[in-house]
Amino acid sequence: MVHERSSQHRLSPSSYEEDIALLLAPRLAYFAGVARHEHVTRASLEMGVPQSTLSRAMVRLEEDLGVELFARKGRTVSLTPSGRAFLTSVERALAEVERAADSVRADADPQGGKVAFGFLHTMGWETVPELIRAFRVDHPRVRFTLVQNYGEAMIERLRAGELDLCLTSPVPDAPDLVARRLDEQRLRLVVPDDHRLAGRKRIRLAEAAEESFVTLEPGYGLRRITDDLCAEAGFKPRVAFEGEEAETLRGLVAAGLGVALLPPPAVARPGVVELTVTAPRAVREIGVAWLEGQPETPPVAAFRKFLLSRRGHLLPA
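Given the structure is predicted, the values throughout are model-derived calculations rather than measurements.

About the cut-offs
- Residues numbered from 1 in each chain as written.
- Predicted model: local features only at pLDDT ≥ 70, side-chain atom pairs only at ≥ 80, totals over all residues.
- Heavy atoms only, no water.
- Core = buried A, V, L, I, M, F, W, Y, C linked by side-chain atoms within 4.5 Å.
- Buried < 20%, exposed > 50% of the residue type's maximum accessible area, 1.4 Å probe, protein only.
- Helix = DSSP H or I, 4+ residues; strand = E, 2+ residues; numbered from the N terminus.
- Contact = heavy atoms within 4.5 Å.
- 1 Å grid on protein atoms, 1.4 Å probe; cavity = no way out; pocket = protein on both sides within 12 Å on 5 of 7 lines; lining within 4 Å.
- Points joined across faces, edges and corners; volume = space filled by probe spheres on them.
- Nonpolar A, V, L, I, M, F, W, Y, C, P; charged D, E, K, R; others polar.
- Salt bridge = Lys/Arg side-chain N within 4 Å of Asp/Glu carboxyl O.
- Axes fitted to C-alpha atoms, helices over the stretch in contact; angles between N-to-C directions.
- Left-handed = near helix turned anticlockwise from the far one by under 90°.
- Pairing = 2+ DSSP bridges.
- Right-handed = clockwise from strand over helix to strand, strands pointing away.
- pLDDT = per-residue confidence, 0-100.

Some remarks on the nonpolar core
Okay, step 1: Core analysis: the largest hydrophobic core is formed by 37 residues, its most contacted members being Phe-117, Met-123, Phe-144, Leu-165, Leu-167, Phe-303 and Leu-307.
Okay, step 2: Every element with two or more residues in this core is listed here: β3 (114–119), α5 (127–138), β4 (143–148), α6 (151–159), β5 (165–168), β6 (177–186), β13 (283–291) and α9 (298–309).
Okay, step 3: Not counting chain neighbours up to four residues away, the residues in contact with Met-123 comprise Val-128, Pro-129, Leu-167, Gln-185, Arg-284, Ile-286 and Leu-315.
Okay, step 4: Leu-197, Leu-205, Phe-235 and Val-272 belong to the second largest nonpolar core, which has 30 residues in total.

Written out as structure tokens, the structure reads:
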């Protein structure tokens, strides 16, 4: 391998960090092959790359680094101390690239791939475990990365590429998202069991206008629905507490801190009475959302199709 210096300048200090990975990455596997054999011809045969291509790549690699990596004698080469130090790091980097490639291939595998799925806190007790159990009857090896959060946070994670799908409410309406309504869930006015309204079965929401409410924090879909329903009933709720989890609110209602608009509990909680709201119509829509134009792996496509097949019977009876 003839070591001829070209007129190419080494990288300037200001551009080094910005450009070095782009310049070096295509040549690292060539370098590792030549270093492993310490012979250009044998490396060429193993990698199926012309000898001239390997030779030029090694010369340019050294020029970009400004370091002699090989001592040369004909087509036989030996690593310099700098070359040996560089090889150790290159082998680690190439191994990491191979692991990354194996990982993304495994995640996209139709039989055993991965789905990153987000869902609301209130969906975690019964709905999501049942969905996953039913889906895995036909897809037993599919893996899930699960995120439980409020709606706006999950939408941001969809946009960041951290989630494939999310189950949320209200159903989002945004140009960069695709969303499909799956079901609706009646909300109830939850009051303490010694409350003046506890003997009722049904109530118009306007009758609770003077009550203190315990609600979820702003940004939660259920908080937005609560505010909208109260506004439709003609009042703004007087908020005594803002929390992050529906069952915490139910417990605070039992403690007498206020009343709350909540979906039905998975298990009945003592200390509260849950009233049907007759006006306005108190429901929340549950839907699935994903990023518009986002390529889908086979397991994600299969789970999305499964969720859409549950339209109208997503929630437990």
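Brief notes about empty space enclosed by the protein
Okay, step 1: By the definition in use, this model includes 2 cavities of 30 Å³ or more.
Okay, step 2: By volume, the largest cavity amounts to about 100 Å³.
Okay, step 3: Lining the largest cavity are 13 residues; nearest its centre among them are Leu-120, Thr-122, Leu-216, Tyr-220 and Arg-284.
Okay, step 4: For the lining of the largest cavity, the class distribution of residues is 6 nonpolar, 5 polar and 2 charged.
Okay, step 5: Space inside the second largest cavity adds up to approximately 50 Å³.

With respect to the pattern of salt bridges
Where side chains of opposite charge bring their charged atoms close, a pairing between them can arise.
Okay, step 1: One pass over the structure, following the stated rule, counts 24 salt bridges.
Okay, step 2: Of the charged contacts in the structure, one is a salt bridge between Arg-181 and Glu-184, with a shortest N-O distance of 3.1 Å.
Okay, step 3: Here Arg-181 falls in the partly exposed class, since its relative accessible area comes to 37%.
Okay, step 4: In this structure, Arg-181 and Glu-285 form a salt bridge, with 3.0 Å as the shortest nitrogen-oxygen distance.

Examining the packing of α5 against α9
Okay, step 1: Relative to each other, α5 and α9 sit at 115°, their axes nearing to 11 Å. Pair α5 / α9 crosses with right-handed handedness. Together, Leu-131, Ala-134 and Phe-135 of α5 and Pro-299, Ala-302, Phe-303, Phe-306 and Leu-307 of α9 make up the contact between the two elements.

Quick word on the pairing of strand β9 (residues 212–216)
Okay, step 1: Where burial is concerned, most of β9 is hidden: 4 out of the 5 residues are buried.
Okay, step 2: For β9 and strand β10 (residues 238–243), the ladder comprises 5 bridges, and the chain directions are parallel. Each bridged residue has a counterpart across the sheet, and for Ser-212 the counterpart in β10 is Arg-238.
Okay, step 3: Note that the unit made of β9, helix α7 (residues 221–232) and β10 has a crossover that is right-handed.

Focus on the confidence of the model for the chain
Okay, step 1: Predicted confidence across the chain gives a mean pLDDT of 90, with 92% of residues reaching 70 or more.
Okay, step 2: Taken as a whole, residues 1–16 scores under 50 in pLDDT and shows 31 contacts with residues more than four places along the chain or in a different chain.

Concerning the layout of surface pockets
Okay, step 1: Within this model, the largest pocket holds a volume of roughly 510 Å³.
Okay, step 2: Surrounding the largest pocket, 23 residues form its lining, Thr-122, Glu-126, Pro-264, Pro-265 and Ala-266 being those nearest its centre.
Okay, step 3: For the lining of the largest pocket, the element with the most residues is helix α8 (residues 246–254), which contributes 3 residues.
Okay, step 4: In terms of residue class, the lining of the largest pocket is made up of 11 nonpolar, 6 polar and 6 charged.

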